[in-house]
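# What the coordinates show
The lines below spell out each chain.
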Amino acid sequence: MNAQISFLDGTFRLIHIPLNLYPNFLQPILQVLLPQGGDDSLANEAEGLSIDNKHGFLNISITPVECSVVCHSNWARNVFEPVIKRLPSNVAKTVTISKDSYLILSVISAGMDAGSRVMDLTSPLALAGVPIFFITTYYSDFILVPTKDRQTVVQVLLARNFEFDKDESAYVSPSALSHVRGKSGSSEPPSTPPPSNAAELQVRTFELLKKRNVVPYISPYLSLAQCSGRDPSQLLGYGRRPTLSRHTSGNGHRRSWLDNVDTKLYTSLISVLAKQPRFLSITLAQEDPPSLLLDKEYLGVFGDSLVGDTEGDLVPIFLDLVNLPLEATGIVSGVAGRLISDMGMEETGVSSELSYLSTARAGAVILSSEQSMKALEVLKPLLSKD
């Protein structure tokens, strides 16, 4: 397997919005989702956009637990903070923007199934004491790490035989992700020494989850599909789109974000977001078409603007992590690792189905409907206080 891991430009914030306040934040959510790059009034926010007005990274997730947004720090400060400040103080304190900023690692890999990617990418960071958020999309995996831990992350990659490729501006593994763990250092070591191996990591993870009363559950009748928007090259008129300037096109007119997107897809997204869906996770990354993980109930709204396995039957197992600090480590790796081992996923090939979605205050393990029920039966006894 070849793996390529690169740091995306900029720093990012995690925003937690309680579901009862979702209507208050629909306007800023849409403003971030549909950035008007040609509007000078948004010059500050536009720092988080590429030259053709694309987000380097954006994730908006509405789940049964919360509404969660991962966006560039400028958008958090200039779009979301003003809305929070207008709320009554007792209400405003229920909405949180992470105090620490985060970096985002983009992971492109081949020859490894989804479950193994989750484990091999998160375990080394957890063992080094780095808290992470993990987002699996249709095309790529993304890992959020605290900005202050960048050097530790680099040391972890180098210890696992990654080399920095200047041409790709990425850390590249020419073969497989090595299972040899090297020493990792940090200028701010965690208050509790990190676990020494994967087994200890799993034990600590479930002790913490049980202590904080985290109970895994499945939301009744919720079935998901993992899809993607169409590649821009497939869109009518793509070859005529200007690419030279953020502000003007070849005929001198101001450019719009509409020149760069599938308007049918975005119109459908607005329609679904306006309904406050039970589950929708949209990820925009500069190098990929939009990636969606959504309640299958809404597939009809999108019509032919989506590609992917719309016949799939994915069921998320939710972990409400509201009582855990953001700096908690090992949650993704510990939970995924325990499921892979206890369910014999590697032997049966089921690990290819496993994916994970981190949101600001929750996590979701995503499997086929049959495997989700089996996974829930594995997790419940581990987190029961009886």
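Residues numbered from 1 in each chain as written. Predicted model: local features only at pLDDT ≥ 70, side-chain atom pairs only at ≥ 80, totals over all residues. Heavy atoms only, no water.

## Focus: the packing of helix 6 (residues 198-211) against helix 11 (residues 369-383)
As a reminder of what qualifies: Working convention: axes come from line fits to C-alpha atoms, limited for helices to the stretch in contact. Angles between N-to-C directions cover 0 to 180 degrees. Helix numbers and strand numbers start at the N terminus; a helix is a DSSP run of H or I with at least 4 residues, a strand a run of E with at least 2. Reported orientations rely on four angle classes, namely roughly parallel under 35 degrees, roughly antiparallel over 145, roughly perpendicular from 65 to 115, and oblique for the rest. Here, two residues are considered to be in contact whenever any of their heavy atoms come within 4.5 Å of each other. Charged residues are taken to be Asp, Glu, Lys and Arg, nonpolar residues to be Ala, Val, Leu, Ile, Met, Phe, Trp, Tyr, Cys and Pro, and polar residues to be all remaining types, Gly included.
Direction vectors running N to C along helix 6 and helix 11 enclose 70°, while the axes themselves pass 9 Å from each other. The angle between helix 6 and helix 11 falls in the class roughly perpendicular. For the pair formed by helix 6 and helix 11, the contact residues are Phe206, Leu209 and Lys210 on the first element and Leu379, Leu382 and Leu383 on the second. Grouping the amino acids of the contact of helix 6 with helix 11 by side-chain chemistry returns five nonpolar, no polar and one charged.

## Concerning the pattern of salt bridges
Rules: When a carboxyl oxygen of Asp or Glu is within 4 Å of a side-chain nitrogen of Lys or Arg, the pair counts as a salt bridge. For every residue, the accessible area obtained with a 1.4 Å probe (protein chains only) is divided by the maximum for its type, and the residue is called buried under 20%, exposed over 50%, and partly exposed between those limits.
Summed over all chains, the structure comprises six salt bridges. Put simply, Asp304 and Lys264 hold a salt bridge, and the shortest N to O gap is 2.6 Å. Here the residue Asp304 occupies a position in the loop between helix 8 (299-302) and strand 15 (306-308), and Lys264 occupies one in helix 7 (residues 263-274), the gap between them amounting to 40 residues. Where Lys374 meets Glu370, a salt bridge forms, and the shortest distance between an N and an O atom there is 3.5 Å. Taken as a pair, Lys374 and Glu370 lie in helix 11 at a separation of four residues, close to a single helical turn. Judged by relative accessible area, which is 51%, Glu370 ranks as exposed.

## Describing the confidence of the model for the chain
Interpreting fine coordinate detail is not advised for predicted regions of low pLDDT. Worth spelling out the cut-off: Per-residue confidence from the predictor is reported as pLDDT, which spans 0 to 100.
On average, the chain scores 84 in pLDDT, and the residues at 70 or more come to 78%. Here residues 176-190 is modelled with pLDDT under 50, and outside its nearest four sequence neighbours on either side it reaches 29 contacts, counting other chains as well. Below pLDDT 50 for its whole length, residues 238-247 participates in 25 contacts with residues either more than four positions away or in separate chains.

## Here we look at the packing of aromatic side chains
Heads up, the condition is: Pairs were defined over the aromatic rings of Phe, Tyr and Trp, the Trp ring being its six-membered one, requiring ring centres within 6.5 Å. Orientation was assigned from the angle between planes: stacked under 30 degrees, edge-to-face over 60, tilted for the rest. Ring-over charges, as used throughout, are those where CZ of Arg or NZ of Lys falls within 6 Å of the ring centre and within 35 degrees of the ring normal.
Within the structure shown, the criterion is met by nine aromatic pairs. Arranged with centres 6.3 Å apart and planes meeting at 90°, the rings of Phe12 and Phe57 form a pair that is edge-to-face. Of this pair, Phe12 sits in strand 2 (residues 12-17) while Phe57 sits in strand 3 (residues 57-62), and the two are 45 residues apart along the sequence. Across the pair, Phe57 and Phe12 agree in class, each one buried. Taking 5.7 Å as the distance between ring centres and 85° as the angle between the ring planes, the aromatic pair formed by Tyr102 and Phe133 counts as edge-to-face. Here the residue Tyr102 occupies a position in strand 6 (residues 102-109), and Phe133 occupies one in strand 7 (residues 133-136), the gap between them amounting to 31 residues. For Phe133, a relative accessible area of 8% gives the class buried. Counting every residue linked through ring pairs, the aromatic cluster contains Phe7, Phe164 and Tyr171. Across the ring face of Phe7, the terminal group of Arg150 is positioned such that the distance to the ring centre comes to 4.0 Å. Across from the ring centre of Phe206, 5.8 Å away, lies the NZ or CZ of Arg338, which sits over that ring.

## Topic: unusual backbone geometry
Of note, Ser169 is a non-glycine position whose phi angle comes to about 50°, a positive value. Here Ser169 lies in the loop between strand 9 (163-165) and strand 10 (170-173). A positive phi angle is found at Asn213, which is not glycine, with a value near 60°. Assignment of secondary structure puts Asn213 in the loop between helix 6 and strand 11 (217-218). The class for Asn213 is exposed, based on a relative accessible area of 53%.

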